Amino acid sequence: MTADRNDIQFMRRAIELARLCPPSSTAFSVGAVIVADGVEISTGYSRETDVKVHAEESALDKLDADDPRLARATIYSTLEPCSQRATATRLPCTDRILRAGIARVVIAWREPTTFVPNCVGVEQLRQHGVEVVELRELAEEAMSMNRHLDLS
């Protein structure tokens, strides 16, 4: 579970995307990048297409569910993928990642208890054999557009 030399570059791209999010007092601003074979194949950010869409959801929605590149892809998300949603009709991002068959997830910071008391996205991914890498050195940068929220 180690970072490779491209992880910083792609996470910085995800952070740029998170800065595009319309501000919200009820949700985090998150960016996501999906990379396969060293190439960016999809991006997304919170509230990109509607007020409820999450970054990972937005990026995955732009790809065919059967895209063979997903099996060898890494998804970069500025925040830990959600393990539950306030909108019950929408699948949590952790489930979406597992369903897509993505084997590697890179995050900058874990979800605080601001909206969900106990996010277990990282644990669920690891239980299903997904490699999860945390780039803690980029956590402050990834949190910067969320400073108006209680990040405890």
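Look a little higher up for the structure.
Residues numbered from 1 in each chain as written. Predicted model: local features only at pLDDT ≥ 70, side-chain atom pairs only at ≥ 80, totals over all residues. Heavy atoms only, no water.

## A closer look at unusual backbone geometry
- Phi at Asp 37 is positive, roughly 55°, even though this residue is not glycine.
- By secondary structure assignment, the location of Asp 37 is in the loop between strand 1 (31-36) and strand 2 (39-45).
- In the Ramachandran plot, Arg 47 falls in the positive-phi region, its phi being about 65° despite a non-glycine side chain.
- Looking at where Arg 47 falls in the secondary structure, it is placed in the loop between strand 2 and helix 2 (55-61).
- Given a relative accessible area of 10%, Arg 47 falls into the buried group. (Helix = DSSP H or I, 4+ residues; strand = E, 2+ residues; numbered from the N terminus. Buried < 20%, exposed > 50% of the residue type's maximum accessible area, 1.4 Å probe, protein only.)

## A few points about the packing of aromatic side chains
- In this structure the tally under the stated criterion is 3 aromatic pairs.
- Plain terms: the ring middles of Phe 10 and Tyr 76 are 5.5 Å apart, the flat faces sit at 35° to each other, and that makes the pair tilted. Remark: Tyr 76 occurs in strand 3 (residues 73-79) and Phe 10 occurs in helix 1 (residues 7-18); sequence separation between them is 66 residues.
- By relative accessible area, Phe 10 is classed as buried at 7%.
- Ring centres of Phe 28 and Trp 109 lie 5.6 Å apart, and the angle between their planes is 80°; this geometry places the pair in the edge-to-face category. Within this pair, whereas Phe 28 is found in the loop between helix 1 and strand 1, its partner Trp 109 is found in strand 4 (residues 104-109), the two being separated by 81 residues in sequence. Trp 109 matches Phe 28 in its accessibility class, with the two residues each being buried. (Phe/Tyr/Trp six-rings, centres within 6.5 Å; stacked < 30°, edge-to-face > 60°.)

## A short note on the nonpolar core
- Met 11, Ile 34, Ile 102, Val 105 and Trp 109 are the most contacted members of the largest nonpolar core, which totals 45 residues.
- Contact partners of Trp 109, with chain neighbours within four places excluded, come to Phe 28, Thr 78, Leu 79, Glu 80, Ala 139, Ala 142, Met 143, Asn 146 and Leu 151. (Core = buried A, V, L, I, M, F, W, Y, C linked by side-chain atoms within 4.5 Å. Contact = heavy atoms within 4.5 Å.)

## Notes on the sheet that holds strand 4
- Spatially, 5 strands are ordered 2-1-3-4-5 in an open sheet, and the strand pairing comes out mixed. The outermost strands of the open sheet, each flanked by one partner alone, are strand 2 and strand 5 (131-134). Direction aside, the axes of adjacent strands within the sheet are offset by 20° on average.
- Pairing between strand 3 and strand 4: 5 bridges, direction parallel. Within the sheet, the bridge partner assigned to Ile 75 lies in strand 4 and is Val 105.
- Packed onto the sheet, helix 1 meets strand 1, strand 2, strand 3 and strand 4 and runs at close to 145° relative to strand 1. (Pairing = 2+ DSSP bridges. Axes fitted to C-alpha atoms, helices over the stretch in contact; angles between N-to-C directions.)

## Here we look at the side chain of Glu 111
- Its place among the elements puts Glu 111 in the loop between strand 4 and helix 4 (121-127).
- At 9.2 Å, Arg 85 is the nearest oppositely charged side chain to Glu 111, a buried residue that forms no salt bridge.
- With residues near it in sequence (within four places) discarded, Glu 111 still touches Phe 28, Leu 79, Glu 80, Cys 82, Val 116 and Cys 119. (Lys, Arg positive; Asp, Glu negative; His and termini not counted. Salt bridge = Lys/Arg side-chain N within 4 Å of Asp/Glu carboxyl O.)

## A short note on the pattern of salt bridges
- The tally for this structure, following the rule as stated, stands at 17 salt bridges.
- With a shortest N-O distance of 3.1 Å, Glu 134 and Arg 110 are connected by a salt bridge. Taken together, the positions of Glu 134 in strand 5 and Arg 110 in the loop between strand 4 and helix 4 put the pair 24 residues apart, joining distant regions of the chain.
- Several salt bridges share partner residues, and in doing so they unite Asp 50, Glu 57, Arg 85, Arg 90 and Arg 96 into one network.

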